[in-house]
Amino acid sequence: MKVCVLVLGLSLVLSVCVARSPYQAVLQHSRIRGRQQGPNVCAMQQLKGTNKKYFTNCKQWYHRKICGKPTVITYECCPGYEKIPGEKGCPAALPLVNIYNTLGVVGASTTQMYSDRAQLRAEVEGPGSFTFFAPSNEAWAALPTEILDALVSNVNIELLNALHYHMVSRRLTSEELRHGSSFASMYQDFHVHIHHYSNGIVTVNCARLIKPDQHATNGIVHVVDRVITAISNNVHSLIDVDDDLETLRTAMAAAGLTAMLETDGQYTVFAPTNEAFEKIPQETLNRILGDPVALRDLLNYHILKHMQCAESIVSGTPMETLQGSVLEVGCDGDQITLNGKAIVTKRDQLGTNGVLHHINELLIPDSAKVLLELAEDSPVATATKLFVEAGLSPHLTGSEALTMLTPLDDAFTGKDTTMTPDLKKLMTNHILKEQLSSKALYHGQELETLGGLKLRVFVYRNNLCIENACIAAHDKTGRYAAMFTVDKLLSPPMGTVMDVLKADDRFSLLVGAVQTAGLTELLNQQGALTFFAPTDAAFNALPPAERDQLMRSRQQLQALLRYHLGEGLLVSGGVASHTRVQPLQGEKLELGVRNFTVYVNKVPVADADLMATNGVVHAVDSVIRPLPLKLDREQADGPAAAFRPSASFRADSKGFRDDEMFQKVVRSRSSRTMTQ
């Protein structure tokens, strides 16, 4: 709506504000879109290749699509107006005539003709006040021949009854057709059921009003897109008499849901056919049918809390089910889609307390699934295969309370996935010993794995991580266990920071430097450090004279290494734009991310997240220098600029007072300040 306000200005805002119903709001939007064509012109969106037209709302206008299909813009007179030859737009109000004559001018001439045959003409021409939901000419043509023949063969009874069911003995404008209301028809007081949806679509017995509010001297006509029939059975009765829903009927009885669908309400049931149940593996189906909790969740996932007619759906919308989770209900052309799949085979079976749509595929909610089934429906195929190959299937299909940390497929790119004892142990440590929710995790929490390891939880502003692996999707909570999708393969800590350095050949020079600087104890003791660890390549990139001097000086080495050691434990997933880390000595380090690479003071991290029991190591192939004073901090997440010590180092006089290499810079700055 914000986009519309910007484009259309104050006039649209005022129009929407005074709109009295969703339909009126959409009608007013169509009027504004059509006003350049003249007075009382409405812009309509027509589905290409069909005669289906819709008053346009803001979203549809800009997307130029309905149900994912392209539309063309047409212009026609708004309800109640007509053209005058030679004049622009639709300046004239339609003359008010009785309902019978109104039918002839609003595209319902077939209804007019059948009113003659059924001897209804005198009634709709005479005194009174009526609402006539008049089927369009196309609606009558769409009726199966045998049904139409049955109606017109006994003119005085069946056809008259059918037409009377389309009538209410009072005038009802679209504003009075409120969502969920019903009105006694003129056929034995059987009710017609109204739904006025937030997108502006109004239905009667799931037939869409395509030309509402056609006023007449003795009432009002709403042209609808189908012939409606009287409703006498509730939703449960519809299921009970349908042979295609025999398995559903049995399941509903077993779950104790039969009584609910007999009570008053506004339900939408996406009813799985017998075929849908047959598509499910027998083992899975038997497990669910034998588990009352899972069965109830399964069936409630097929039921919406409100009534949703097919014609009301013009785009994908998340809708809450009785099970509590959300079902994405949408459309693709003339097909209704559920969670993106066109599986509705029969629509709009209307009952007194809801509507039934047949589907040919069972919808299984996460809450009825075991771990393996949760994984099979996610982009984690590689991890799932490895869990099975590691012999963990009993845990994935059983009833243990567990949480599985499941890396995305991308996490295995470039990695050898051949099952080995070490990989088996690693996959075992991806399963936690309790069912968890990521919303309940907190910083510093320890989680025990099936392999006996303790994994740490890190909470950052932009991420929630377990060791080096950060949550990459919403939790999936199954019948007994939960699944966290994570962005990386876990790297459990196997020793202290010093142990990590000693075990990696890339850090042989650094290990010697740490020992020379007297920092071995610091890197072995308990704590939480982030070490941007220079590799041998980083030291070898220094000028030989500078490197030799550095390696001989305990004080210089200590100052340099303490500048590479950050306070707190920060894994790569916790780095966002303009993240700052306070080193043990010196100015704060500036971190950022570009193209999935972490940069620290513009130096790229070559290998991130080498986890330790007392911190984390990030390998860097360049020695990190302080950023120049005048460098825009926002540039910290990019390639390093040339180091210019005379202008760039902001000295910490206490921390670096013994560093000869940096003292020259300090003296240079001081002398310039004094001369000023």
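Our subject is the structure that appears above.
Predicted, not measured: the structure shown is a model, and the values here were computed from it. (Residues numbered from 1 in each chain as written. Predicted model: local features only at pLDDT ≥ 70, side-chain atom pairs only at ≥ 80, totals over all residues. Heavy atoms only, no water.)

Considerations on the overall build of the protein chain
Defined as follows: Helix and strand assignments come from DSSP, with helices taken as H or I runs of at least 4 residues and strands as E runs of at least 2, each series counted from the N terminus. Exposure categories follow from relative accessible area, calculated using a 1.4 Å probe and restricted to protein chains: below 20% of the type maximum is buried, above 50% is exposed, and the middle band is partly exposed. For this analysis, residues touch if any pair of their heavy atoms sits within 4.5 Å. In these tables, accessible area is a Shrake-Rupley quantity obtained with a 1.4 Å probe, and a residue counts as shielded only by the protein chains included in the view.
Across its full length, the protein chain carries 27 helices and 35 strands. Relative to its 676 residues, the protein chain shows a buried fraction of 51%. In the protein chain, the proportion of contacts linking residues at least 24 apart, taken out of those at least 6 apart, comes to 62%. For the protein chain, the accessible surface area stands at approximately 30,800 Å², while carbon and sulfur atoms represent 50% of it.

Describing the sheet that holds strand 11 (residues 202-204)
Rule in force here: In short, DSSP must find at least two bridges between two strands for them to pair. Axis lines are fitted through C-alpha atoms, for helices just across the contact stretch, and the angle between N-to-C directions can take any value from 0 to 180 degrees.
The seven strands lie next to each other as 8-7-13-12-11-10-9, forming an open sheet whose pairing is mixed. Two strands bound the open sheet, and with one partner strand each, they are strand 8 (167-168) and strand 9 (182-184). The pairing of strand 10 (residues 191-196) with strand 11 spans three bridges and is antiparallel. Pairing of I194 across the sheet is with V204, part of strand 11. Against the sheet, helix 3 (residues 22-34) makes contact with strand 10, strand 11 and strand 12 (207-216), and its axis sits at roughly 80° relative to strand 12, the strand it touches most.

As for unusual backbone geometry
We note that N339 has phi near 50°; this positive angle belongs to a residue other than glycine. Along the chain, N339 turns up in the loop between strand 18 (335-338) and strand 19 (344-351). The exposure class assigned to N339 is partly exposed, which follows from its relative accessible area of 40%. The backbone of E467 shows a phi angle near 55°, a positive value even though the residue is not glycine. Tracing the chain through its elements places E467 in the loop between strand 25 (464-466) and strand 26 (469-470).

What to know about the pattern of salt bridges
We apply this condition: Salt bridge criterion: a side-chain nitrogen from Lys or Arg within 4 Å of a carboxyl oxygen from Asp or Glu.
Tallied over the full model, the rule gives 25 salt bridges. With its nearest N and O atoms 2.3 Å apart, the salt bridge here joins D377 to K369. For R625, the salt bridge identified is with E546, shortest N-O distance 2.9 Å. Of this pair, R625 sits in the loop between strand 35 (615-620) and helix 26 (645-648) while E546 sits in helix 24 (residues 544-552), and the two are 79 residues apart along the sequence. Several salt bridges share partner residues, and in doing so they unite D366, K369, D377 and K476 into one network.

Side note on the sheet that holds strand 21 (residues 403-407)
Working definition: the strands of a sheet are paired by backbone hydrogen bonds and lie parallel or antiparallel to each other. Strand order across the open sheet formed by four strands is 22-21-28-27, with mixed pairing between neighbours. Each edge of the open sheet carries a strand with a single partner, namely strand 22 (431-432) and strand 27 (476-477). Docked against the sheet, helix 17 (residues 381-389) engages strand 21 and strand 22, running at close to 125° with respect to strand 21.

What about the pairing of strand 21?
Buried residues dominate strand 21, accounting for five of its five residues. What you see with strand 21 is no split at all: T403, L405 and P407 on one side and M404 and T406 on the other are buried throughout. Both strand 21 and strand 22 contribute to a ladder of two bridges, which runs antiparallel. Across the sheet, M404 pairs through a bridge with I431, a residue of strand 22.

Observations concerning the state of the cysteines
Here is the rule we go by: Disulfide: a pair of cysteine sulfur atoms within 2.5 Å of each other.
Taken as a whole, this structure holds five disulfides when the rule is applied. Linked covalently through their sulfurs, C67 and C331 form a disulfide whose S-S length is 2.1 Å. Of note, the bridge from C67 to C331 carries an S-S torsion of about -90° and is left-handed in sense. In this pair, C67 is assigned in the loop between strand 3 (65-66) and strand 4 (69-77) and C331 in strand 17 (residues 326-332), connecting sequence segments 264 residues apart. This pair shows no difference in class: C67 is buried, exactly as C331 is. The disulfide partner of C77 is C90, and the S-S distance across this bridge is 2.0 Å.

Details of the side chain of T71
Structurally, T71 is set in strand 4. Not counting chain neighbours up to four residues away, the residues in contact with T71 comprise Q45, Q46, L47, K48, R64, K65 and I66.

Regarding helix 17
Put simply, the rule reads: An arc is given here, and it is the one of the directions from the helix axis to the C-beta atoms.
Residues A383, T384, L386 and F387 constitute the buried set of helix 17. One side of helix 17 holds all its buried residues, which, seen down the axis, span an arc of 165°. Structurally, helix 17 contributes buried residues whose contacts are with helix 16 (371-376), helix 18 (393-397), strand 21, helix 19 (421-428) and strand 22.

As for the pairing of strand 32 (residues 589-594)
Sheet analysis places strand 31 (residues 579-581) next to strand 32, joined by three bridges and oriented antiparallel. Within strand 32, the position partnered with T579 by the bridge is L591. Pairing between strand 32 and strand 33 (residues 597-600): four bridges, direction antiparallel. Within strand 33, the position partnered with L591 by the bridge is V600. Where strand 32 folds back on strand 33, the antiparallel hairpin that results is connected by two residues, among which N595 adopts a positive phi of roughly 50°.

Description of the packing of helix 21 (residues 508-517) against helix 25 (residues 554-563)
Note the cut-off: Left-handed describes a crossing whose near helix is turned anticlockwise from the far helix through less than a right angle; right-handed describes the clockwise counterpart. Amino acid classes used here: Ala, Val, Leu, Ile, Met, Phe, Trp, Tyr, Cys and Pro are nonpolar; Asp, Glu, Lys and Arg are charged; the rest, including Gly, are polar.
Across the interface, helix 21 lies against helix 25 with an axial gap of 8 Å and an inter-helix angle of 115°. For the crossing formed where helix 21 meets helix 25, the hand is left-handed. In contact with L510, A513, V514, T516 and A517 of helix 21, helix 25 contributes R554, L557, Q558 and L561. Residues that form the contact of helix 21 with helix 25 fall into these classes: six nonpolar, two polar and one charged.

Brief notes about the environment of R121
Within the fold, R121 resides in helix 7 (residues 121-125). For R121, the contacting residues outside a window of four places in its chain are Y100, S115 and D116.

Concerning the packing of aromatic side chains
So the rule is basically this: Centres within 6.5 Å make a pair out of two Phe, Tyr or Trp rings, where for Trp the six-membered ring is used; the pair is then stacked when the planes are under 30 degrees apart, edge-to-face when over 60, and tilted otherwise. Working rule: Lys NZ or Arg CZ, within 6 Å of ring centre, within 35 degrees of ring normal, means a charge sits over the ring.
According to the stated counting rule, one finds four aromatic pairs in the structure shown. Aromatic side chains F458 and Y460 sit 6.4 Å apart centroid to centroid with 35° between the ring planes, which places their arrangement in the tilted category. A single burial state applies to F458 and to Y460, both of which are buried. The side chain of R64 reaches across the aromatic face of W61, ending 4.3 Å from its centre.

Digging into helix 3
Inclusion rule: The span you would expect from a helix comes to 1.5 Å times its residue count less one.
Helix length check: helix 3, at 13 residues, gives a terminal C-alpha distance of 19 Å against a target of 18 Å (1.5 Å per residue), a fit within 8%. Taking burial as the measure, the 13 residues of helix 3 include 10 buried ones, the bulk of the element. What helix 3 keeps buried is the set Y23, Q24, V26, L27, Q28, H29, S30, I32, R33 and G34.

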